[in-house]
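Architecture and fold: a report
Each chain, letter by letter, is given below.
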Amino acid sequence: MSAEDAPLAPHATAAVAGAVWHSLVWLVVGNAIGVMIAILLLLPGLNPWLGEWTYGRWMMVHMNVALYGWCSLPMLAFLFKVYRADRGPTAAWCRPVLWLWSGALVAGSIAWLSGQSSGKPFLDWSGYARVLFPLAMGSLWLLLTMAFMRGRSPTEKRSAQMAKLVGLVTLAAVPFVIYFASSPGIYPAVNPDTGGPTGASQLESSLGTVLILLVLPYGITRRREPRPKVVAVSWIVFLAESILCAMLGRGDVSHHRPVQYLSLASLLIWIPLIPSYYAAFRWNRSTRRWRIAMYWWWGGLVVSGWVLFLPGILDRIKFTDVLVGHSLTAVAGFLTALLILVMIQLVGEQDSRIFNRTWSFHAWNQGVLAYVIVISVAGWIESDNPAFTIVPGPMRDILYFVRLLTGVAMLAGSLEWLIAASSLSIVAPAAETEFSGARVA
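Let me sum up the structure you'll find in this document.

Rules of the game
- Residues numbered from 1 in each chain as written.
- Predicted model: local features only at pLDDT ≥ 70, side-chain atom pairs only at ≥ 80, totals over all residues.
- Heavy atoms only, no water.
- Helix = DSSP H or I, 4+ residues; strand = E, 2+ residues; numbered from the N terminus.
- Buried < 20%, exposed > 50% of the residue type's maximum accessible area, 1.4 Å probe, protein only.
- Contact = heavy atoms within 4.5 Å.
- Areas by Shrake-Rupley, 256 points an atom, 1.4 Å probe, with all protein chains shown as cover.
- Lys, Arg positive; Asp, Glu negative; His and termini not counted.
- Charge placed at Lys NZ, Arg CZ, Asp CG, Glu CD.
- Core = buried A, V, L, I, M, F, W, Y, C linked by side-chain atoms within 4.5 Å.
- Phe/Tyr/Trp six-rings, centres within 6.5 Å; stacked < 30°, edge-to-face > 60°.
- Salt bridge = Lys/Arg side-chain N within 4 Å of Asp/Glu carboxyl O.
- Patch = residues over 30% accessible without salt bridge, like charges linked within 9 Å, V, L, I, M, F, W, Y side chains within 5 Å.
- Axes fitted to C-alpha atoms, helices over the stretch in contact; angles between N-to-C directions.
- Left-handed = near helix turned anticlockwise from the far one by under 90°.
- Nonpolar A, V, L, I, M, F, W, Y, C, P; charged D, E, K, R; others polar.
- Parallel < 35°, antiparallel > 145°, perpendicular 65-115°, else oblique.
- Expected span 1.5 Å × (residues − 1).

Here we look at the overall build of the chain
Counting its secondary structure elements, the chain contains 15 helices and zero strands. Each principal axis of the C-alpha distribution contributes one length, and for the chain these read about 65 × 50 × 45 Å. Of all 441 residues assigned to the chain, the portion counted as buried reaches 50%. Across the chain, every contact between residues at least 6 apart in sequence was considered, and the portion connecting residues at least 24 apart equals 84%. Of the accessible surface of the chain, which amounts to about 19500 Å², a share of 72% is contributed by carbon and sulfur atoms. Measuring between centres, the 31 positive side-chain charges of the chain sit 9 Å from its 21 negative side-chain charges.

Written out as structure tokens, the structure reads:
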């Protein structure tokens, strides 16, 4: 297809470049810890060498730096761009906000390795770290507010200005939500047959992901003309499913109730809708391979998420490595492809080559796929024999050795991205450039 817009700026602004670099640092750190954890599982005799910094404490660090580092910092780049904080007087404050965010993660990691935790996965913030991280989020909100108050761009529509205002109001609540949700005394609805989330809570969190998918293109690209009907259809479906989610309530309820797993099946409609929705927007041609990867991971995530929740299946695989494989599908597969798609769109035409290296693309995606398959096989065996993943044996060791190799492949791929990003001009302060459109693949 030919480009319908002017090409992207050749380089990212310094603020966006900094957010990309910080996110890749945390991706490499998280992957390195993951490889170390895989070695400890394969060779449990090494655990005593770590002293009090045990496997369980490193696991907290691994999960949290993946979520609040790698998965979150690209969204700061997105917000910098949307609110124009990476230009003008506020641009100088983007770098301190990024370092404050990463500093809070370092403080949190030290706290988790020291044994401080709320005991809630992904909400392990406790002690001083429970205060520092919301403060870092608050600094981001102040920066975006200052950028918003500078005034609108001459070409910006009033609807876009209102959307930004709604975004600021929503973001203002997030630090408080993180602080209070980290309290050990606050828990969401529980499935009494598994001890995990209910169908209603899974539908709610999934719709939150869908909302992000629907909103993201508006901040980094433009719609095609004439406007495809799929955009309106997608928002209508989202509204209908949100009403369904509200009707399900928030009480403790089993996955054996048909309304729970049937309502969760409503997410299957998004498998074709998301690719059609994204095709309604103009994308930089450099995003093509990661868009395709995102669509495939998204389909696998939605299908596996529903199948694994079905009665009989969830009863068997709960608390096993099968759910670890599903989590990797979500974070390392789908979410990583989405984040790289966003960052390619943000960093500009020339610097998009950071993520478009053939070797690292295949090392990452094939490594994640192999990991998911291997860990799911191990989890399925574990569901019949709980001692399988604990007691070393030939089959267990083979599966865990392959798991280690997949982790090494993912670490190597992420290292190539970080090295490429560190050697490019975008890491140094760059001339501020305006977003002027996108190319389509």
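A few points about the nonpolar core
In a soluble, globular protein the nonpolar side chains are often hidden away together inside. Among the nonpolar cores identified, the biggest contains 125 residues, and Leu24, Phe80, Trp270, Tyr278, Trp290, Trp298 and Phe355 are the most heavily contacted of them. The element best represented in this core is helix H1 (residues 14-42), accounting for 15 residues. The contact partners of Phe355, leaving out residues within four places of it in the chain, are Val20, Leu24, Trp290, Ile340, Met343, Ile344 and Trp417.

So, the packing of aromatic side chains
Describing an aromatic ring pair means giving the distance of the ring centres and the angle of the ring planes. Applying the stated criterion across every chain, the model contains 18 aromatic pairs. Ring geometry for Tyr277 and Tyr278: centres 6.0 Å apart, planes at 50 degrees, overall tilted. Here Tyr277 and Tyr278 have matching classes, each one buried. Seen in terms of ring centroids, Trp298 and Phe334 are 5.1 Å apart; in terms of plane orientation they differ by 45 degrees. Their pairing is tilted.

Looking at the pattern of salt bridges
Counted according to the given criterion, the structure contains four salt bridges. Close ionic contact of Glu225 with Arg227 constitutes a salt bridge, the shortest N to O distance being 3.6 Å.

Things to note about unusual backbone geometry
Here the amide bond leading from Glu225 into Pro226 is cis, since omega sits at -5 degrees, within 30 degrees of zero. Inspection of the secondary structure assignment puts Pro226 in the loop between helix H7 (199-220) and helix H8 (229-248). One non-glycine residue, Phe319, lies in the positive phi region at around 65 degrees. Relative to the assigned elements, Phe319 resides in the loop between helix H12 (314-317) and helix H13 (321-347).

Looking at the environment of Asn284
Structurally, the position occupied by Asn284 is in the loop between helix H10 (270-278) and helix H11 (288-307). On the accessibility criterion, Asn284 (0% relative accessible area) is buried. Along the sequence, Asn284 and Glu349 sit 65 residues apart, while their C-alpha atoms lie 7.6 Å from each other.

A word on a nonpolar patch on the surface
On the surface, Val106, Ile110, Tyr128, Val131, Leu132, Leu135, Phe176, Tyr179, Phe180 and Ile186 cluster together into a nonpolar patch covering about 930 Å² of accessible area. For the nonpolar patch, the elements supplying multiple residues, two or more each, are helix H4 (91-113), helix H5 (128-149) and helix H6 (158-181). Examining the composition of the nonpolar patch, we find that four residues originate from one element, H5, more than from any other. In this fold, Tyr128 is placed in helix H5.

As for the packing of helix H3 (residues 73-82) against H13
Interaxial distance between H3 and H13 falls to 10 Å at its minimum, and their mutual angle equals 35 degrees. Seen along the crossing, H3 lies across H13 with a hand that is left-handed. Where H3 abuts H13, its residues Pro74, Met75, Ala77, Phe78 and Lys81 lie against Leu339, Val342, Met343 and Leu346. When its residues are assigned to classes, the contact of H3 with H13 shows eight nonpolar, no polar and one charged.

Things to note about the packing of H5 against H6
For the pair H5 and H6, interaxial distance at closest approach is 9 Å and the crossing angle is 170 degrees. In this view, H5 runs roughly antiparallel relative to H6, as classed from their interaxial angle. In this structure, the crossing between H5 and H6 has a hand that is left-handed. On H6, the residues that touch Arg130, Val131, Phe133, Pro134, Met137, Gly138, Trp141, Leu144, Thr145 and Phe148 of H5 are Gln161, Lys164, Leu165, Leu168, Leu171, Ala172, Val174, Pro175, Ile178, Tyr179 and Phe180. Partitioned by chemical class, the residues of the contact of H5 with H6 number 16 nonpolar, three polar and two charged.

Concerning H4
An α-helical turn contains 3.6 residues, so any two residues separated by three or four positions project in the same direction. Counted at 1.5 Å a residue, the expected span for H4 with its 23 residues is 33 Å, and the 34 Å between its end C-alpha atoms agrees. Following H4 by one or two positions, Gly115 has its phi on the positive side, about 95 degrees.

Scope: geometric values only; no functional claims are made or implied.
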